[in-house]
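Survey of secondary and tertiary structure
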Amino acid sequence: MSIGRILGGLLLLLVLALVGVVLYLQYADLNRHRPLLETQVSELLGREFRIGGPIELDLLPAPALELGQISLANAEWGSEAEMARVGHAAARVNLASLLSGPIQIEALALHNVDILLESNAEGASNLDFGGPQATAGAPPPSSEPEDTEPGGLPLMVHDIDLANNTLIQRAPEQEDQVIHLETLTLKPNDRGWLALSGGGKVLG
C-alpha cells in the first residue's frame, strides 16, 4: 500500500471523527454533563460554581451557547453566600474567526446579573480566587518588562444586550456603591456604526 493511500485513509478517519464530534455536540443533551462542568470550574476557581438552568449549544450555522441560572460562591469571609448570579447568558460566535482570529462574538446577552465586589478589614478582596495555581511558595511576578510585540484586540463583540444588571462594591464601614443597568444595548445602525443606548442608575 502506498504512502498516499495511507495518508488519505488517515485524513478520512480524521474528518469522520470531526464530523462525529460536531454531530454529537449539535444534537446531544449536554445537561447530563453539567455535574462534570460544575466540578471542573469549581476546582479551577476554588469556589463553588453552579448552573441551575439548561445548557443549550448549537454549532450550526454559527456556534452559540446559552446558559441559565449561573452562580459563583463568594469568599468564605464574604457578607453574602454568592459573589455572582446570572439569570441568563447567551453568546454567538463567528465560526471563521475561531480559525483566523481575532474571535468575533456576533451577539452577547446578559440578563438579570448581580455581582458583588467586596473587601474585608484585612484588605482581602473576593476577587482573589484560591484556585489550584495559587500556591504559597509561588515566586513573585517579575518587575522586568516582557519582550512582546503589541497585537490587536483578541476579542471583538458586535452586538451587546444587557438587562437588569447590578454591580455592588462593598467595603468595611463604607456605604455600598451600586451601579444598576436597566438596559444597555450596542448594535450596528444603518450606517454600520455601533450605536449605544440604555439607562440605569449610578450611585443612586
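Above this note sits the structure.
Every chain begins its residue count from 1, and numbering advances along the sequence as written. At least 70 in pLDDT is required for a residue's local features to be given in this predicted model, at least 80 for side-chain atom pairs to be given and counted, and no such filter applies to totals for whole chains, interfaces and linings, which use all residues. No hydrogens and no water enter the side-chain calculation; it runs on all heavy atoms of the structure.

Here's the deal with the overall build of the protein chain
Under the scheme used here, helices are H or I runs from DSSP no shorter than 4 residues and strands are E runs no shorter than 2 residues, and both carry numbers assigned from the N terminus. In terms of regular secondary structure, the protein chain is built from three helices and nine strands. Of the regular secondary structure in the protein chain, the N- to C-terminal order runs α-α-β-β-β-β-α-β-β-β-β-β. About 14500 Å² of surface is accessible on the protein chain, with carbon and sulfur atoms providing 61% of the total. Per-residue and other accessible areas were derived by the Shrake-Rupley procedure at a 1.4 Å probe size, with only the shown protein chains allowed to occlude residues.

A word on a nonpolar patch on the surface
Patch definition: residues above 30% relative accessible area lacking any salt bridge, with like charges linked at up to 9 Å and the nonpolar side chains Val, Leu, Ile, Met, Phe, Trp and Tyr linked at up to 5 Å. Any Lys or Arg side-chain nitrogen found within 4 Å of a carboxyl oxygen on Asp or Glu counts as a salt bridge. On the surface, a cluster of nonpolar side chains totalling about 490 Å² of accessible area is made up of L95, L98, L99, I103 and L155. Its place among the elements puts L95 in the loop between strand 4 (82–93) and helix 3 (97–100).

Things to note about the pairing of strand 8 (residues 177–188)
Here is the key point about a regular strand: its side chains alternate between the two faces of the sheet. Judged from the nine bridges that link them, strand 7 (residues 160–170) and strand 8 form a sheet pairing that is antiparallel. Bridge pairing links L167 to I179 in strand 8. Where strand 8 meets strand 9 (residues 194–202), nine bridges bridge the pair, whose relative direction is antiparallel. Considered in strand 9, the bridge of L184 is made with G198. Following strand 8, the chain reverses through five residues before pairing antiparallel with strand 9; G192 in that reversal takes a positive phi of roughly 85 degrees. A pair of strands is considered paired only if DSSP assigns at least 2 bridges between the two.

Remarks on helix 2 (residues 34–45)
If you check helix 2, its first and last C-alpha atoms are 16 Å apart, about what twelve residues at 1.5 Å a residue would give, namely 16 Å. Throughout, exposure labels follow a simple rule: accessible area from a 1.4 Å probe, protein chains only, divided by the maximum for the residue type, with under 20% read as buried, over 50% as exposed, and the rest as partly exposed. Restricting attention to buried positions, one finds in helix 2 the residues R34, E38 and S42. Looking straight down helix 2, one finds its buried side chains confined to an arc of 60 degrees; they lie on one side. Residues of helix 2 that are exposed and angled more than 90 degrees away from the buried face: L36, E43 and L44. Here the buried face of helix 2 lies against strand 1 (49–51) and strand 2 (55–58). Just downstream of helix 2, G46 is the residue with a positive phi angle, here 75 degrees. Expected span of a helix, by definition, is 1.5 Å for each gap between consecutive residues, and there is one gap fewer than residues. The arc in question is the one spanned by the directions pointing from the helix axis to the C-beta atoms. Note on definitions: a residue-residue contact is assigned when non-hydrogen atoms from the two residues lie within 4.5 Å.

Some points on the nonpolar core
Nonpolar cores were defined as sets of buried Ala, Val, Leu, Ile, Met, Phe, Trp, Tyr and Cys residues, with membership established by side-chain atoms within 4.5 Å. Core analysis: the largest hydrophobic core is formed by twelve residues, namely L30, F49, I51, I55, L67, I70, L72, M83, A84, V86, A89 and V113. Those elements that provide at least two residues to this core are strand 1, strand 3 (64–73) and strand 4. Among the elements that make up this core, the one with the highest residue count is strand 4 (four residues). Not counting residues within four places of it along the chain, the set of residues in contact with I51 comprises R34, L37, E38, G68 and Q69.

Digging into the pairing of strand 3
For strand 1 and strand 3, the ladder comprises three bridges, and the chain directions are antiparallel. Across the sheet, residue R50 finds its bridge partner in strand 3, namely S71. With four bridges joining them, strand 2 and strand 3 adopt antiparallel strand pairing. Paired with E56 across the bridge in strand 3 is E66. The hairpin turn running from strand 2 into strand 3, its antiparallel successor, is five residues long. In the sheet, strand 3 pairs with strand 4 via nine bridges, with the strands oriented antiparallel. Residue pairing for strand 4: A64 is matched across the bridge by R92.

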